[in-house]
Amino acid sequence: MGIDKPDVRNVIHWGAPRDMESYYQEIGRAGRDGQRSVCRVYFTMADFNTHRYFLNQLTGNREHRAEMIHQMELYLGYKEKCRRVELLKHFEPGSSGDSLGLVRRRDCCDCCTSHLLRGGREGASTDINTREDEEVDMTVEARNIVEAVGVLGEGRSMGVVVAMLRGEKNKSIWERHMREKVYGVGKGKTKVFWVALTRELVSRGVLCEIKQSSNTAGTYVNTWTGLGVTPKGHKFSRGLEKMMVKATGDLRQKVKKVAVITPRFGAESTPADQARSGLYSMLVRERLAISQSSNLPPYMICTEQTLLQMAQTRPTTKENMAKVVGFNTAKISSYGDKFMAAIVKFCVEENIETDQFPNAEVVEDEVSKLGVTATVQYSYRMYKEGKTVEQIAQERGLAATTVMTHLGTCLEKGGSINLEGLGVTHEIVAAVARAAWEPPISSDVSRLGPVKEELAKSGREDIDWGKLRLSIGRLKAEHKVTEEGILMWNKDDFLAYGQMESQPAEERYIPKKFTGDQFGPSKILSTQGQTFQQEQNKEGEIEKKMGKEKLFKENEMMREKETKRARDKALQDELDDYEAIQDEIRFETDQKENNMKESLTSKGGDFKFKLSKFKADDSISGTSSTAKVAEVKPQAVTVPFPAVKRKELPDWMKSAETKTEMAKKKMKTNSLFK
């Protein structure tokens, strides 16, 4: 806006324009001087979600603006119509390319340029119908959408409705919704197809958009657009009116091309390969004749891969010829009749069938009934198109064993898989069946790892994971499995795979414990003893029935005993520490008492010695010198207390600091234990 220059050469939109009026006004800034200018739009479908989000913030005139966004979405989705004509027809309803004076020419728009590159004629009328002008009957799909909206209730978003149709899990789809017949009815269609058709129904007034909002924690208001059924939609679902829709953009059914063909020769070739090689040689000669008459090199007529695909599928109509890679509309109109005549001549002489193309509708119906994930469906479709496991793995960027696992899942669900063509012979299936039947597997195929280990032990390491998955898939498809993954087969079913019944190993003699039962019941055994035995048997049966509960209770009792034992040990450690402290106190007290008694005893001995000496001196002095009196020598008798031998105290008891530190450690340990 505000640009008033005559020489603007490029106008670039980074994102989808909001509506046709804005787009027309913005590109009108380019080329005002009459010189060539270019307008480009870089967009994704998410840009229209942004426009609709801001549209929900408005209050008035929402229906008209929503329709303008939808028209802009259709305009950018064109692949064959002239964009210049469609843009001018929006502002001049009822006009045409002839009335506007526009024809197909180079640099008109990207659609016209693509038309000329596909072999179209320059100067042709833009009003000639293209594939985007063809109307397709989508009554069934439209009624499924209306029914899904009715089942879910008004106000559900478009994503929830599409998930309901495709059978996907969603938190807004409850269990009662899954029981409806419309749940999963559209598995065969892509997500973008259902979104595009739902937008078309909104544009036609069959459905309406309802503004929804929610208040999160009182601060943030979340708004979205829900879907509802209009009175016109209710009338459409109950009536016989058809819904004819132009197959434009995502609504167009893509034409599937034939897979890449790899020729096989020598021992690997089959009768079909030999017939294909003969037709291929004839087509090579026909291409050479066409190139010589047209004065063009052979590779410009068609490539060798295109000839191989024609030899494989043998098309005899222009519609089937368009399914071959490398044949566009221009080449079909120029060389198609000559190639088809050569194919018909060869097939009549060799008595072989023509038009060997996989039926897309049959394949889609088969895939939708399998009930597998989208990635498994994709691998199965490519396999049904004739591609090998290696080609599927290369195109999808997967490992070959992963692709074979996908095919094994489809085989288990009832899909049609040629095991011989994938290298899974009857011998391999028999080896896997033996490993699954014998112990320790014992028909438990819930996990493939143990089966693979048993195969390796038996010397069948050549059976990789892909072949193992396909073999197990065949066993599950033929015999079914329980919820725990146990094959529901018997011995006869196992032997039907060509197995030899294994002979039981010779058992060595093991002496049995003598119980006296060999001599029959004892006559001495009383009736009370028999009753006691019966009671013991009943108790044994009860114990067997309650084995699990008893085992659980015993485990609980063991845990309680261990807990109690740990608690008692901690308490005993505390008592030992307390007794050690008391022993130390008693030892110190006893040592003081012994010292005191020894001191008292020594003092008493000195007193008695002095007293006896004094008495002796007195007696000697009082008697005559002639008297002989025996000299009395006093003896101090001391009876010391025996020393108590105590064990040496530990280091932490020798000082007050270490005692305090040890007490803190004990308190910390007790608190952690509790």
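Since the model is a prediction, treat every value here as computed from it, not as a measurement.

### Side note on the overall build of the protein
Item 1. Within the protein, the regular secondary structure consists of 27 helices and seven strands.
Item 2. Burial statistics for the protein: of 674 residues in total, 31% are counted as buried.
Item 3. Pairs at least 24 apart in sequence give 64% of the contacts found in the protein among residues at least 6 apart.
Item 4. Counting only carbon and sulfur atoms, one obtains 54% of the accessible surface of the protein, whose full area is about 44400 Å².

### Focus: the state of the cysteines
Item 1. If you walk through the whole model with that rule in mind, you get zero disulfides.
Item 2. Free of any disulfide, Cys 109 has its nearest cysteine sulfur in Cys 112, 3.6 Å distant.
Item 3. The exposure class of Cys 109 is buried, given its relative accessible area of 13%.
Item 4. No disulfide involves Cys 111; its sulfur sits 4.9 Å from that of Cys 109, the nearest cysteine.

### Section: the pattern of salt bridges
Item 1. Under the counting rule described, the total for this entry stands at 16 salt bridges.
Item 2. Salt-bridge contacts for Glu 412 lead to Arg 469; the nearest nitrogen and oxygen are separated by 3.1 Å. Of this pair, Glu 412 sits in helix 20 (residues 400–412) while Arg 469 sits in helix 23 (residues 465–479), and the two are 57 residues apart along the sequence.
Item 3. Ionic pairing is found between Glu 438 and Arg 434, a salt bridge with its closest N-O pair at 2.5 Å.
Item 4. Judged by its relative accessible area of 25%, Glu 438 is partly exposed.
Item 5. Taking relative accessible area as the criterion, Arg 434 reaches 25% and is therefore assigned partly exposed.
Item 6. Through salt bridges with shared partners, one network takes in Glu 412, Arg 469 and Lys 476.

### Considering helix 20
Item 1. Taking 1.5 Å of rise per residue, the 13 residues of helix 20 would be expected to cover 18 Å, and the 18 Å separating its terminal C-alpha atoms lies within 8% of that figure.
Item 2. Phi for Gly 414, located one or two positions after helix 20, is positive at around 110°.

The rules we used
For every chain, the first residue of the written sequence is number 1, and numbering continues from 1 along that sequence. Given that this is a predicted model, residues contribute local features only at a pLDDT of at least 70 and side-chain atom pairs are listed and counted only at 80 or more, while totals for whole chains, interfaces and linings are drawn from all residues. Computation of side-chain values: all heavy atoms of the structure, hydrogens and water removed. In this text, helices come from DSSP runs of H or I with a minimum length of four residues, and strands from runs of E with a minimum of two, each type numbered from the N-terminal end. For every residue, the accessible area obtained with a 1.4 Å probe (protein chains only) is divided by the maximum for its type, and the residue is called buried under 20%, exposed over 50%, and partly exposed between those limits. Contact definition: two residues touch when any of their heavy atoms are within 4.5 Å. In this description, accessible areas are obtained by the Shrake-Rupley approach with a 1.4 Å probe, and a residue is regarded as covered only by the protein chains that are shown. Note on terminology: disulfide denotes any pair of cysteine sulfur atoms within 2.5 Å. Between Lys or Arg on one side and Asp or Glu on the other, a salt bridge is scored when a side-chain nitrogen of the former is within 4 Å of a carboxyl oxygen of the latter. Each helix should span, by expectation, one fewer than its residue count multiplied by 1.5 Å.

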